[in-house]
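Examination of the molecular architecture
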Amino acid sequence: MASFRLFYFGAQLVCLHFVRCQEVDPCNTYEWLPYSEYRGTLCPSRPYREICDHYLTENWFRVKGDAEIVTEKVNLYHCATTNPIWMRGLLPNSSSETNATACINKGYSNGGCDEEISIKVKKCTDYFVYFLPRSEPCEAGYCFGINKTCAAFEPCDFYYHDQISIDNLIENKVCDIPSGWYKLKHPATLETQCRQSATEKIWINGTNIDSGMIVDIRLCFQNKTACCDKFMNAQVKNCSGSLVFNITKENNCLCSGGCESGNNTGYNIAMEERLFKTILIYLFCYFVILSRL
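Rules used throughout
- Residues numbered from 1 in each chain as written.
- Predicted model: local features only at pLDDT ≥ 70, side-chain atom pairs only at ≥ 80, totals over all residues.
- Heavy atoms only, no water.
- Helix = DSSP H or I, 4+ residues; strand = E, 2+ residues; numbered from the N terminus.
- Buried < 20%, exposed > 50% of the residue type's maximum accessible area, 1.4 Å probe, protein only.
- Contact = heavy atoms within 4.5 Å.
- Areas by Shrake-Rupley, 256 points an atom, 1.4 Å probe, with all protein chains shown as cover.
- Phe/Tyr/Trp six-rings, centres within 6.5 Å; stacked < 30°, edge-to-face > 60°.
- Salt bridge = Lys/Arg side-chain N within 4 Å of Asp/Glu carboxyl O.
- Polar contact = N/O pair within 3.5 Å; in protein donor to acceptor, adjacent residues only side chain to side chain.
- Pairing = 2+ DSSP bridges.
- Axes fitted to C-alpha atoms, helices over the stretch in contact; angles between N-to-C directions.
- 1 Å grid on protein atoms, 1.4 Å probe; cavity = no way out; pocket = protein on both sides within 12 Å on 5 of 7 lines; lining within 4 Å.
- Points joined across faces, edges and corners; volume = space filled by probe spheres on them.
- Nonpolar A, V, L, I, M, F, W, Y, C, P; charged D, E, K, R; others polar.
- pLDDT = per-residue confidence, 0-100.
- Disulfide = S-S within 2.5 Å.
- Patch = residues over 30% accessible without salt bridge, like charges linked within 9 Å, V, L, I, M, F, W, Y side chains within 5 Å.

**A look at the overall build of the chain**
The helix and strand inventory of the chain stands at 4 helices and 13 strands. When each of the 293 residues of the chain is scored for burial, the buried share is 38%. Considering only residue pairs separated by 6 or more positions, the chain has 60% of its internal contacts joining residues 24 or more positions apart. Total accessible area on the chain is roughly 17,700 Å²; 53% of this is exposed by carbon and sulfur atoms.

**Some points on the packing of aromatic side chains**
This structure, assessed with the given rule, holds 13 aromatic pairs. Between F153 and W181, the ring centres sit 6.5 Å apart and the planes meet at 50°, which makes this aromatic pair tilted. Linking F153 in the loop between β7 (140–142) and β8 (162–164) with W181 in strand β9 (residues 180–184), this pair joins segments that are 28 residues apart in sequence. Residue class for F153 comes out partly exposed when judged on its relative accessible area of 47%. Judged by its relative accessible area of 9%, W181 is buried.

**Concerning the pattern of salt bridges**
Counting across every chain of the model gives 6 salt bridges. Residue D53 is joined to R39 by a salt bridge in which the shortest nitrogen-to-oxygen separation is 2.8 Å. With D53 in the loop between β1 (31–32) and β2 (59–62) and R39 in the loop between β1 and β2, this pair connects stretches of sequence that are 14 residues apart. Grouping residues by exposure puts D53 and R39 together as buried. The shortest N-O distance in the salt bridge between E116 and R88 comes to 2.7 Å. Within this pair, whereas E116 is found in strand β5 (residues 115–123), its partner R88 is found in strand β3 (residues 83–88), the two being separated by 28 residues in sequence.

**A look at the side chain of S36**
Tracing the backbone shows S36 in the loop between β1 and β2. Judged by relative accessible area, S36 falls into the buried class, the value being 1%. Side-chain polar atoms of S36 contact the backbone oxygen of L33, separated by 2.5 Å. Aside from chain neighbours lying at most four places away, what touches S36 is V63, K64 and K148.

**Considering the sheet that holds strand β13 (residues 242–247)**
Taking strand neighbours across the sheet as the criterion, the 6 strands line up as β8-β9-β13-β12-β11-β10 in an open arrangement whose pairing is mixed. Across the chains shown, the open sheet's two edge strands, defined by having one partner strand only, are β8 and β10 (202–205). Geometrically, the sheet is characterised by an average inter-axis angle of 40° between neighbouring strands, direction not taken into account.

**Details of the layout of surface pockets**
Its boundaries defined by the atoms lining it, the largest pocket holds a volume of some 300 Å³. Along the wall of the largest pocket there are 16 residues; nearest its centre are A188, T189, G241, S242 and L243. Contributing elements (two or more residues each) for the lining of the largest pocket: β9 and β13. Looking at which element gives the most residues to the lining of the largest pocket, the answer is β13, with 3 residues. Along the lines of polarity and charge, the residues of the lining of the largest pocket split into 7 nonpolar, 6 polar and 3 charged.

**Observations regarding the confidence of the model for the chain**
Scored by pLDDT, the chain comes out at a mean of 83, with 82% of its residues at no less than 70. Predicted confidence for residues 13–21 stays below pLDDT 50, and this span has 0 contacts to residues more than four positions away or in other chains. Per-residue pLDDT stays below 50 along residues 261–271; that stretch engages in 25 contacts with residues further than four places along the chain or on separate chains.

**Brief notes about the state of the cysteines**
In this structure the tally under the stated criterion is 8 disulfides. Here C43 pairs with C150 through a disulfide, and the sulfurs are 1.9 Å apart. The sign of the 105° torsion about the S-S bond sets the C43-C150 disulfide as right-handed. One end of the pair, C43, is in the loop between β1 and β2; the other, C150, is in the loop between β7 and β8, and 107 residues separate them in sequence. There is a disulfide in this structure between C103 and C113, and the S-S distance comes to 2.1 Å. An S-S torsion of about -70° defines the bridge between C103 and C113 as left-handed. Of this pair, C103 sits in strand β4 (residues 98–104) while C113 sits in the loop between β4 and β5, and the two are 10 residues apart along the sequence. Under the relative-accessibility criterion, C103 is labelled buried at 0%.

**Let's talk about a nonpolar patch on the surface**
Residues I279, L280, L283, Y286, F287 and L290 make up a contiguous nonpolar surface patch of about 600 Å² in total accessible area. The exposure class assigned to Y286 is partly exposed, which follows from its relative accessible area of 49%.

Right, here's the structure in full:
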């Protein structure tokens with residue numbers, strides 16, 4: 001009886017070990033590395049839009065497109081980050097997990113290895129997976145793909161747009177911001193029609209805004225009497241519920257002082273209300289007279 005229990009316990013351990021090994025094989029349980037499309041060595045960093053792997057949760061990752069980790073020094077301000085992280089040594093040929101050393105280039109030495117990070121690499125069938133801890137400096141990111149360029153232009157991607165406060169879109173400030181694509185800082189939103197009760201006195205005048213396509217619009221600035229007293233030509237794209245705006249101040253009538261104002265570019269709120277009330281009165285009188293005939 002004792003020998004049977006020992007055999008049964010041993011069999012359980014073998015089964016648990018087998019299942020656990022099957023479950024934790026990183027070739028099957030990896031996650032996709034965020035911002036894979038911007039980690040190539042030919043993708044320059046952009047102010048306030050650098051990749052920051054300080055917020056990366058350590059895990060096994062696979063890179064979209066299966067670009068390999070860079071195994072040579074990368075200069076500063078590449079791989080869409082300030083301090084590129086590259087791997088010292090060669091990628092493994094075997095399918096076993098391999099310990100490796102990644103280097104952060106902070107610009108202090110010619111070797112480009114100012115700080116080391118312990119990582120792991122595993123070769124799968126036709127791709128690699130990497131166990132990547134987070135980086136300590138925020139402006140540091142892992143590099144993948146020698147001579148690989150950035151992803152194609154897409155205004156919804158973080159790399160191609162900046163965030164902007166709604167205070168920067170008021171009439172006397174909007175022409176001071178650089179031309180480019182912008183996303184309103186949360187939780188700011190803009191109305192898509194004129195409302196006298198609106199908190200913000202700027203609204204979007206255009207159609208098909210929710211189509212997901214780049215759409216030409218006018219950013220209208222309203223006052224007490226006119227819904228579009230002044231306007232600025234712009235473009236907008238709906239990015240999964242969040243709007244990004246292309247604001248180009250060059251050749252824009254608002255910034256050049258050539259915008260028409262008042263009723264020529266919008267409609268007079270008070271006049272429209274009076275007209276509407278007048279029509280209602282005439283209709284009421286018409287039906288009263290008609291009922292007495």
